[in-house]
Amino acid sequence: MWSAEQQKQIAEEEKTAALRQAYISDMLLVQRDWEDANIAHARELLDRYKNSEVKGFEWDYWNRKLQHNVYTLTDHSATVYSARFSPDGKRIVSGSRDMTLKIWDAETGQETLTLTGHLNVVNSAIFSPDGKRIVSGSYDNTLKIWDAETGQETLTLKGHSATVNCVIFSPDGKRIVSGSSDKTLKIWDTETGQETLTLKGHSAFVNSASFSPDGKRIVSGSSDKTLKIWDARPIKADVQSAAN
């Protein structure tokens, strides 16, 4: 006849054995989820054993592996061409062939806003330095400025005669530079939406452009196999060309 203390000990051992068996089964499911790219469910299974006494090296292995792929964001209906974090790292903006931008919570992976207004592919999007605005560039030859909190379109910038391939704010957020398949770059005033300068010099598509950290220069990259550095105070002709 077992004493009450012995019966309690046996019950605890049986409970631990059952938990360990469940753990083994769940680790096999985690492996299957990984192979099927079902990361969210794999994460859920691992979290069951985060503070459990039965977890072993398998848990540590899969936990490390999943940390490299925390979330898969799947709400776009076509190719995603652009994805950028906000300056504080808490949000992500994406631009897609489905003609929309989406804003995501970077901690949870949840979509928070969908921005509609472009009439063709959105292939470039980025937050302003203060995180309050977003600029996007599209195959519809326009740029759009959006309120990053509400998703409201605030300005449409027209001037390019072909696809807008790249857009970025200046470090102080007062200007935007865009590069286009029309072989030009354009500088825009972010408050008024007015084009202030057109930069000509490339002989093919302009695919990339960026301000220097002090905002005094711009560098551009083109399908003509060159980079050009421009004086941004104000922009004149290109002052340096670097050919590959």
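Anything mentioned here points back to the structure above.
Residues numbered from 1 in each chain as written. Predicted model: local features only at pLDDT ≥ 70, side-chain atom pairs only at ≥ 80, totals over all residues. Heavy atoms only, no water.

Relative placement of two packed helices is described by the angle separating their axes and the distance separating the axes. With their axes 8 Å apart at the nearest point, helix H1 (residues 4-35) and helix H2 (residues 39-47) run at an angle of 160 degrees to one another. When the interaxial angle is binned, H1 and H2 end up roughly antiparallel. Of the two possible hands of crossing, H1 and H2 adopt the one that is left-handed. Across the interface between the two elements, Asp26, Met27, Leu29, Val30, Asp33 and Trp34 of H1 pack against Ile39, His41, Ala42, Leu45 and Leu46 of H2. In terms of residue class, the contact of H1 with H2 is built from eight nonpolar, one polar and two charged. (Axes fitted to C-alpha atoms, helices over the stretch in contact; angles between N-to-C directions. Helix = DSSP H or I, 4+ residues; strand = E, 2+ residues; numbered from the N terminus. Parallel < 35°, antiparallel > 145°, perpendicular 65-115°, else oblique. Left-handed = near helix turned anticlockwise from the far one by under 90°. Contact = heavy atoms within 4.5 Å. Nonpolar A, V, L, I, M, F, W, Y, C, P; charged D, E, K, R; others polar.)

Moving on, we come to the pattern of salt bridges. What the rule picks out here adds up to seven salt bridges. Residue arginine 133 is joined to glutamate 191 by a salt bridge in which the shortest nitrogen-to-oxygen separation is 3.6 Å. Within this pair, whereas arginine 133 is found in strand S6 (residues 133-138), its partner glutamate 191 is found in the loop between strand S11 (184-189) and strand S12 (195-200), the two being separated by 58 residues in sequence. For the salt bridge of glutamate 153 with lysine 144, the shortest nitrogen-to-oxygen distance reads 3.0 Å. The class of glutamate 153 is partly exposed, set by a relative accessible area of 30%. (Salt bridge = Lys/Arg side-chain N within 4 Å of Asp/Glu carboxyl O. Buried < 20%, exposed > 50% of the residue type's maximum accessible area, 1.4 Å probe, protein only.)

With that settled, consider the sheet that holds strand S10 (residues 175-180). With antiparallel pairing, the four strands of this open sheet are ordered in space as S9-S10-S11-S12. Edge positions in the sheet fall to strand S9 (164-169) and S12, since each has one partner strand and no second. In this sheet, neighbouring strand axes are inclined to one another by 20 degrees on average, regardless of whether the strands run parallel or antiparallel. Across five bridges, the pairing between S9 and S10 is antiparallel. Residue pairing in the sheet places valine 167 in a bridge with serine 178 of S10. (Pairing = 2+ DSSP bridges.)

To continue, consider unusual backbone geometry. Although it is not a glycine, lysine 183 sits at a positive phi angle of roughly 80 degrees. Among the residues examined, lysine 183 registers a relative accessible area of 39% and is labelled partly exposed. In this structure, lysine 225 is a non-glycine residue whose phi angle is positive, near 75 degrees.

Taken together, four strands build an open sheet; the order of strands is S1-S2-S3-S4 and the sheet is antiparallel. Strand pairing shows two members of the sheet lacking a second neighbour, strand S1 (80-85) and strand S4 (111-116), which therefore form its edges. Averaged over all neighbouring strand pairs, the angle between strand axes comes to 20 degrees, with direction disregarded. As paired strands, strand S2 (residues 91-96) and strand S3 (residues 100-105) are joined by five bridges and run antiparallel to one another. Bridge pairing links serine 94 to lysine 102 in S3.

One finds Val135, Leu143, Leu157, Ile176, Val177, Leu185 and Ile218 to be the most contacted residues of the largest nonpolar core, which totals 22 residues. Of all the secondary structure elements, the ones that give two or more residues to this core are strand S7 (142-147), S9, S10, S11, strand S13 (206-211) and strand S15 (226-232). In terms of residue count, the dominant contributor to this core is S9 (five residues). Among the nonpolar cores identified, the runner-up in size contains twelve residues, and Met27, Ile39, Ala42 and Trp59 belong to it. (Core = buried A, V, L, I, M, F, W, Y, C linked by side-chain atoms within 4.5 Å.)

Just geometry here; none of it tells us what the structure is for.
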